[in-house]
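So you can see what is in the structure, the chains are spelled out below.
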Amino acid sequence: MRGAMELEPELLLQEARENVEAAQSYRRELGHRLEGLREARRQIKESASQTRDVLKQHFNDLKGTLGKLLDERLVTLLQEVDTIEQETIKPLDDCQKLIEHGVNTAEDLVREGEIAMLGGVGEENEKLWSFTKKASHIQLDSLPEVPLLVDVPCLSAQLDDSILNIVKDHIFKHGTVASRPPVQIEELIEKPGGIIVRWCKVDDDFTAQDYRLQFRKCTSNHFEDVYVGSETEFIVLHIDPNVDYQFRVCARGDGRQEWSPWSVPQIGHSTLVPHEWTAGFEGYSLSSRRNIALRNDSESSGVLYSRAPTYFCGQTLTFRVETVGQPDRRDSIGVCAEKQDGYDSLQRDQAVCISTNGAVFVNGKEMTNQLPAVTSGSTVTFDIEAVTLGTCNNNEGGHFKLRVTISSNNREVVFDWLLDQSCGSLYFGCSFFYPGWKVLVF
């Protein structure tokens, strides 16, 4: 009984410790949830404030633009009035001058006639004769034609008040406020020197025609377009390792011109060292980031290897053929356990590769299964997993077995690759016998 009494306080103390730890853990979890609530509240408040500013700015710009358009239309119509007035008044002015000239001529003739008649028929016969002769040369029965009022313009403005209803309907339907964007970023996957961004629709009623992906360094204020198209996945290259980047995506509805609101920005980074080709190899020219190799016109031949063994089992190694040259059966794109100088191709021992004609080689031996020939735009991927870490009890030669999957143009081959020694990481390489081949690795 005494032993049980002594043991009970220890059990109580242990239980108390466990309860304290559980309470502390519970408090931490609640703290995390409170922080999540604060982030949610901040997102609602900040997005609401930004939306108000965008709406105010847009409608102010719209009012200014509409006012300018109305002013321009008014000026155009007033100019039409001026033109019609000037063109139709001129003939009337010409007719008025002709009539006024006739009036003056008639008045002069009346005065001369009255003076001539005052002298009678005696000594003034000469004046009467001169007047009669002058009057006979003037066409007193010729009157100019004056247009009727129905034949001359009577200007008016035709204004259709229905435009107000049309504009009002458009204005009342212009703009919407969305509580959430129709697409969101679903996943960020790190790659050597890049990040795969995947997104998806979250609004079932929204039919997307195109997507638009932007990114920026978290230290930058400016987003830049990196992809526009119909796919829902894109790899963003030229990513510096261990640097945070922000990504956002929007969509354009079917048959629409405007883009949807942006998704909630997501932050991602890559801890993987970028793949690089070895610089200074005479037969190849490299890009500034050394992830693109171009076979140049140099007569030098050989295998261009990676700068370091940066490919690890469990990853996906991707080659994208940007441009092509003349193919040769000795061409190769692949991986190897170690660099070996003096070879013109990866079609050798301790290497697996694909030739530009689609032939697959394992440790220098051509496989029966082939892939499609490599063309411009082709993507070749290598997925390698460790199968056996130890001595293989077989006569196939080699001590370590790797499972290799090579994919190209929607086809793939799977096989086992036996190595003489364990490799924590692998080199990659390529060889082309003719210029023009350009290969990007990531």
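Values in this document were obtained by computation on a predicted structure and should not be read as measured data. Counting from 1, residues in each chain are numbered in the order their sequence is written. For a predicted model such as this one, the threshold for reporting local features is a pLDDT of at least 70, and the threshold for listing and counting side-chain atom pairs is 80 or more; totals across whole chains, interfaces and linings nevertheless cover every residue. As a rule here, side-chain values cover all heavy atoms of the structure and leave hydrogens and water aside.

Caption draft 1: Inspection of the state of the cysteines at higher detail. The disulfide definition used here is simple: a pair of cysteine sulfur atoms within 2.5 Å. What the rule picks out here adds up to 0 disulfides. Here C430 is not cross-linked by a disulfide; its sulfur's nearest cysteine counterpart is in C336, at 11 Å. Buried means the residue's accessible area, taken with a 1.4 Å probe over protein chains only, is under 20% of the maximum for its type, while exposed means over 50%, and partly exposed covers the values in between. Classification of C430 by relative accessible area gives buried; the value is 0%.

Caption draft 2: Representation of the sheet that holds strand 4 (residues 224-229) in the model. We call two strands paired when DSSP finds no fewer than two bridges between them. Secondary structure counts use DSSP, requiring at least four H or I residues in a row for a helix and at least two E residues in a row for a strand, with both numbered from the N terminus. Pairing within the open sheet is antiparallel, and its 4 strands lie in the order 4-3-6-7. Single-partner strands in this sheet number two, and they are strand 4 and strand 7 (266-268). With strand direction ignored, the average angle separating the axes of adjacent strands in the sheet is 30°. In this structure, strand 6 (residues 245-253) lies alongside strand 7, joined through 3 bridges in antiparallel fashion. Among the inter-strand pairings, Y245 is bridged to a residue of strand 7, identified as G268. Fitted lines through C-alpha atoms serve as axes, helices being fitted only where they are in contact, and the angles separating the N-to-C directions of these axes extend from 0 to 180 degrees.

Caption draft 3: Main features of the nonpolar core. One finds W277, F319, F382, I406, F415 and W417 to be the most contacted residues of the largest nonpolar core, which totals 35 residues. Looking at this core, the element that brings in the most residues is strand 18 (residues 411-419), giving 4 residues. Grouping buried Ala, Val, Leu, Ile, Met, Phe, Trp, Tyr and Cys residues that are joined through side-chain atoms within 4.5 Å yields what is termed a nonpolar core.

Caption draft 4: Local environment of the sheet that holds strand 1 (residues 183-191). One open sheet holds the 3 strands; their spatial order is 1-2-5, and the pairing between them is antiparallel. Edge positions in the sheet fall to strand 1 and strand 5 (233-237), since each of these pairs with one other strand and no more. When the angles between neighbouring strand axes are averaged without regard to direction, this sheet yields 25°.

Caption draft 5: Structural detail: a nonpolar patch on the surface. Each patch is built from residues lacking any salt bridge and having more than 30% relative accessible area; the joining distance is 9 Å for like charges and 5 Å for nonpolar side chains (Val, Leu, Ile, Met, Phe, Trp, Tyr). Using a 1.4 Å probe, accessible areas were evaluated by the Shrake-Rupley method; residue-level cover was limited to the displayed protein chains. For this document, the term salt bridge refers to a Lys or Arg side-chain nitrogen within 4 Å of an Asp or Glu carboxyl oxygen. Where nonpolar side chains cluster on the molecular surface, the patch consists of L66, L69, I163, L164, V167, I171 and F172 and spans about 690 Å² of accessible area. Contributions of two or more residues to the nonpolar patch are made by helix 1 (2-118) and helix 3 (162-173). Of the residues forming the nonpolar patch, the biggest block, 5 residues, is contributed by helix 3. Within the secondary structure, L69 is located in helix 1. Since its relative accessible area comes to 48%, L69 is described here as partly exposed.

Caption draft 6: Just unusual backbone geometry, in detail. Look at N363: it is not a glycine, yet its phi comes out positive at around 50°. Position of N363 among the secondary structure elements: in the loop between strand 14 (359-362) and strand 15 (365-370). By relative accessible area, which is 21% here, N363 ends up partly exposed. Notably, N410 is not glycine yet its phi reads approximately 65°, a positive angle. Secondary-structure assignment places N410 in the loop between strand 17 (400-408) and strand 18. Judged by its relative accessible area of 86%, N410 is exposed.

Caption draft 7: Broad picture of the side chain of S345. Inspection of the secondary structure assignment puts S345 in the loop between strand 12 (332-336) and strand 13 (351-354). According to the relative accessible area criterion, S345 is buried, its value standing at 10%. In protein, a polar contact means a hydrogen-donor-capable atom and an acceptor-capable atom, both N or O and within 3.5 Å, with residues adjacent in sequence counting only if both atoms are side-chain atoms; elsewhere, any N or O pair within 3.5 Å suffices. Separated by 2.9 Å, the side chain of S345 and the backbone oxygen of R330 make a polar contact. From its side chain, S345 meets the backbone nitrogen of Q347 in a polar contact 3.1 Å long. Contact partners of S345, with chain neighbours within four places excluded, come to V303, R330, D331, S332 and S431. Any two residues whose heavy atoms approach within 4.5 Å at even a single point are treated as in contact.

Caption draft 8: Structural context of the pattern of salt bridges. On inspection of all chains with the given rule, the structure shows 18 salt bridges. Here K401 and D416 are joined by a salt bridge, their closest N and O atoms 4.0 Å apart. Of this pair, K401 sits in strand 17 while D416 sits in strand 18, placing them 15 residues apart in sequence. For K401, a relative accessible area of 19% puts it in the buried group. Overall, the relative accessible area of 32% leaves D416 in the partly exposed class.

Caption draft 9: Expanded view of the domain arrangement of the protein chain. Split into domains, the protein chain comes out as domain 1 (28-138), domain 2 (181-266) and domain 3 (282-439). Segmentation of the chain into domains, including their bounds, is taken from an automatic or database domain assignment. Taking only C-alpha atoms, the centre of domain 1 and the centre of domain 3 are 80 Å apart.

Caption draft 10: The layout of surface pockets, seen in detail. Think of a 1 Å grid over the protein atoms and nothing else: a 1.4 Å probe that fits but is trapped marks a cavity, an open set flanked by protein within 12 Å on at least five of seven lines marks a pocket, and residues with an atom within 4 Å of a point count as lining. Grid points are joined across faces, edges and corners, and a volume is the space filled by probe spheres set on the points. As a volume, the largest pocket reaches approximately 2,000 Å³. Surrounding the largest pocket, 45 residues form its lining, T51, A178, S260, P261 and W262 being those nearest its centre. Per element, the largest residue contribution to the lining of the largest pocket is 13 residues, and it comes from helix 1. Charged residues are taken to be Asp, Glu, Lys and Arg, nonpolar residues to be Ala, Val, Leu, Ile, Met, Phe, Trp, Tyr, Cys and Pro, and polar residues to be all remaining types, Gly included. Of the residues that constitute the lining of the largest pocket, the class distribution is 18 nonpolar, 14 polar and 13 charged. When we break the lining of the largest pocket down by domain, the ones giving at least three residues each are domain 1 (28-138) and domain 2 (181-266). Estimates place the volume of the second largest pocket at around 880 Å³. Looking at the second largest pocket, it is lined by 25 residues, and the ones nearest its centre are L70, R73, L77, L159 and I163. If you list the elements that add at least two residues to the lining of the second largest pocket, you get helix 1 and helix 3.

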